[in-house]
Amino acid sequence: MRISPKTIREARQISRLLPPLLRPTRSLEVATQELSWIKRELPKSAWKNAVLQRMNHTPLQYILGTQPFGDMDLITKPGVLIPRWETEEWAVKVLDFLISNSANNIRILDACTGTGCIPLLLNSQLQKAGIPHTIKAIDISPRAIEIANENSTKYSSTVEFEQQNLFTLKPEPFDLVTSNPPYIPMKDYLSTEVEKSVRRYEPKEALIGDLEFYTQLVHTVDDCDADNFIFELGYQTQAEHVKRLVSSEWTVGTLNDSAGNLRCVIGSKNMELNLTSLCNTIM
Amino acid sequence: MMGIRTSGLCRYLLRPQVPCREYVIPKKTKLPPRPKWLIKEEDIEESFIKGGSGPGGQKINKTNSKVQLKHIPTGIVVTSQHSRSQEQNRQKAREILAEKLDLMENGPKSRVAVVTERKVKLKQSKQKKSHRKYRKIEEGRAKEKEFEELVNIEDEIDQMTGRG
């Protein structure tokens, strides 16, 4: 939809830095907010350049260098997927579940970790709650691991980050496997459903993928002898695929995000610590 | 009717006898505490307004996170979108809601009311001080003028009576 000349005039009256921000944000409200964050977080000399970059759809989180996740402010740079609010939402749910069930000594594996958002949130909050645990996180991208390690240092975490290919990972024992793998099929990646800033600036290898990742994740769960898993996804077919692959001892269900979209598939074969209690629908 | 009148009269007679009561500025260190205890999570309906419908997830990169709270018993709705952090917006929204509930429950004794009162009074006292200063200057000038006039009149009288 085109932005009306009236809105552009209105924006110009507020600040000359505002009209360029209408292009990526599409609304005066969000543009005003983004400008206030740019002004708050960057020195005055960098404002103009920041606005010009943003006008060309560079993600705001690459310009400002961070993205909030829980109570953390994670470092985000080109080459790593920016954590999404949907991920934050389910990660907090998993966290609350682990704390309320006092999942002592739980061993967690996070695959396709990116910035390390999921394991770092779990680690810092479980530590605060006094629940002993171990977390390992892997990503195929050396750049992602580099940034994850920066974040790990920033929050002095005890997460072990390792550059590893999920498809050739050597099995180790874990209790819970979490992952936000690339789940946009190529055909949809090229459609207008994917925001310009995402397609132009975020790493393809963190975005494009489909059933092959879920097949491998289920294998990994089996190889690691885990009894709980949660994977983020975008399509019902991906959830059905997981349900089809696991053996009958597993309970499998799906979880929606608060915008009402299908967001996760959860599986469990542990009667005491059953993560599928978070599900909206059991399959 | 009588009852109400009497009680009104009683209140009038028993009114605090401090003459300049309304000019006492509340001390900054003695403000009522932030009314956090008024927030009961079970009374709140929390929603995250993401603006527009769509696939979300990896396909969209939202920068804002607006939090809306509805207080079920009173129907008060508040929102917060000041920060990029949803966590901070959730806290801020709770603070705003707590202030509103406090104002409803405690009226002029609530923290918001006392804080606003303090602000208004500080401003008033500042104005008063400046008024006082200028009034003094004016008065000084007026007195001088009066004195001059008096001297002039005395001179005139002296001339008229042929003395001097």
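Criteria and thresholds
- Residues numbered from 1 in each chain as written.
- Chains lettered and ligands numbered in written order.
- Predicted model: local features only at pLDDT ≥ 70, side-chain atom pairs only at ≥ 80, totals over all residues.
- UniProt positions renumbered as here; feature names shortened; annotations may be inferred.
- Helix = DSSP H or I, 4+ residues; strand = E, 2+ residues; numbered from the N terminus.
- Buried ≥ 20, exposed ≤ 12 C-beta atoms within 10 Å, placed from the backbone.
- Contact = placed C-beta atoms within 7 Å.
- Pairing = 2+ DSSP bridges.
- Axes fitted to C-alpha atoms, helices over the stretch in contact; angles between N-to-C directions.
- Domains from an automatic or database assignment.
- Core = buried A, V, L, I, M, F, W, Y, C linked by C-beta atoms within 7 Å.

If you check an unreviewed UniProt entry, chain B appears there as Prokaryotic-type class I peptide chain release factors domain-containing protein from Candida tenuis. Per UniProt, chain B carries the Subcellular location (unreviewed entry) text "Mitochondrion". In its Sequence similarities (unreviewed entry) section, the UniProt record describing chain B reads: "Belongs to the prokaryotic/mitochondrial release factor family."

An unreviewed UniProt entry lists chain A under the name Modification methylase HemK, from Candida tenuis.

Novice: Could you clarify how one ought to interpret the overall build of chain B in this entry?
Specialist: When helices and strands are counted, chain B shows 3 helices and 3 strands. Reading the secondary structure of chain B in the N-to-C direction produces α-β-β-β-α-α. Counting every position in chain B, which comprises 164 residues, the buried fraction comes to 15%. Within chain B, contacts between residues separated by at least 24 positions form 47% of all contacts whose residues are at least 6 apart in sequence.

Novice: Explain the sheet that holds strand E2 (residues 66-71) of chain B here, please?
Specialist: Each strand in a sheet pairs with another by means of backbone hydrogen bonds, the pair being arranged parallel or else antiparallel. Residue and element names in this part refer to chain B. Overall, antiparallel pairing links the 3 strands, which are arranged E1-E2-E3 in an open sheet. Strands at the two margins of the open sheet, each flanked by one partner only, are strand E1 (44-49) and strand E3 (77-80). This sheet shows a mean twist of 20° between the axes of neighbouring strands, independent of strand direction. Where E2 lies against E3, 4 bridges are found, and the strand directions are antiparallel. Of the residues in E3, the one forming a bridge with Lys70 is Val77.

Novice: Is there a simple way to think about the domain arrangement of chain B in this case?
Specialist: Interface size is often expressed as the accessible area that is lost when the parts come together. Residues and elements named next belong to chain B. Each domain of chain B was delimited in the assignment, giving domain 1 (35-51 + 62-108) and domain 2 (110-159). Centre-to-centre separation of domain 1 and domain 2, based on C-alpha positions: 47 Å. Taken together, the contacts link 7 residues of domain 1 with 4 residues of domain 2.

Novice: What exactly am I supposed to notice about the sheet that holds strand E6 (residues 176-179) of chain A here?
Specialist: All names here are of chain A. Read from one edge of the open sheet, 8 strands run E5-E4-E3-E6-E7-E9-E8-E10, paired in mixed fashion. The sheet is open, and its two borders are formed by strand E5 (160-163) and strand E10 (281-282), each paired with just one other strand. Note: strand E8 (residues 251-256) against strand E9 (residues 262-268), 6 bridges, orientation antiparallel. Paired with Gly253 across the bridge in E9 is Ile266. In the packing of helix H6 (residues 85-100) onto the sheet, contacts are made with strand E3 (106-111), E6, strand E7 (228-232), E8 and E9, and the angle to E7 comes to roughly 165°. Across the sheet, helix H8 (residues 142-154) is in contact with strand E4 (133-139) and E5; its angle to E5 comes to roughly 165°.

Novice: Is there a simple way to explain the domain arrangement of chain A in this structure?
Specialist: The assigned domain composition of chain A is domain 1 (5-56) and domain 2 (69-73 + 78-282). The gap between the C-alpha centroids of domain 1 of chain A and domain 2 of chain A is 34 Å.

Novice: How should I be thinking about the environment of Lys62 of chain B in this particular structure?
Specialist: Residues and elements named next belong to chain B. Within the fold, Lys62 resides in the loop between E1 and E2. By C-beta crowding, Lys62 is classed as partly exposed, having 19 other C-beta atoms within 10 Å. Remark: the alpha-carbon pair of Lys62 and Arg84, spanning 22 residues in sequence, is separated by 9.9 Å.

Novice: Help me out: how do you make sense of the nonpolar core in this one?
Specialist: The tendency in soluble globular proteins is for nonpolar side chains to be buried as a group. Residue and element names in this part refer to chain A. By size, the foremost hydrophobic cluster in this structure holds 61 residues, and its most contacted members are Leu121, Val177, Leu217, Ile230, Phe231, Cys264 and Val265. Looking at this core element by element, the count peaks at 6 residues for helix H7 (residues 117-128). Ala11, Val30, Val51 and Ile63 belong to the second-largest nonpolar core, a separate cluster that totals 14 residues.

Novice: Looking at this structure, I do not really get the interface of chain B and chain A. What am I missing?
Specialist: Listed by partner, the interface residues are 19 residues for chain B and 28 residues for chain A. At the level of elements, E1 and helix H2 (86-106) of chain B are the ones that each hand at least two residues to the side of chain B that touches chain A.

Novice: Sorry, what's going on with the UniProt feature "domain: Methyltransferase" (unreviewed entry) in chain A here?
Specialist: Under the UniProt annotation, the feature "domain: Methyltransferase" (unreviewed entry) is placed at residues 104-200 of chain A. The distance from the first to the last C-alpha atom of residues 104-200 of chain A is 43 Å, and the span holds 35% helix and 22% strand.

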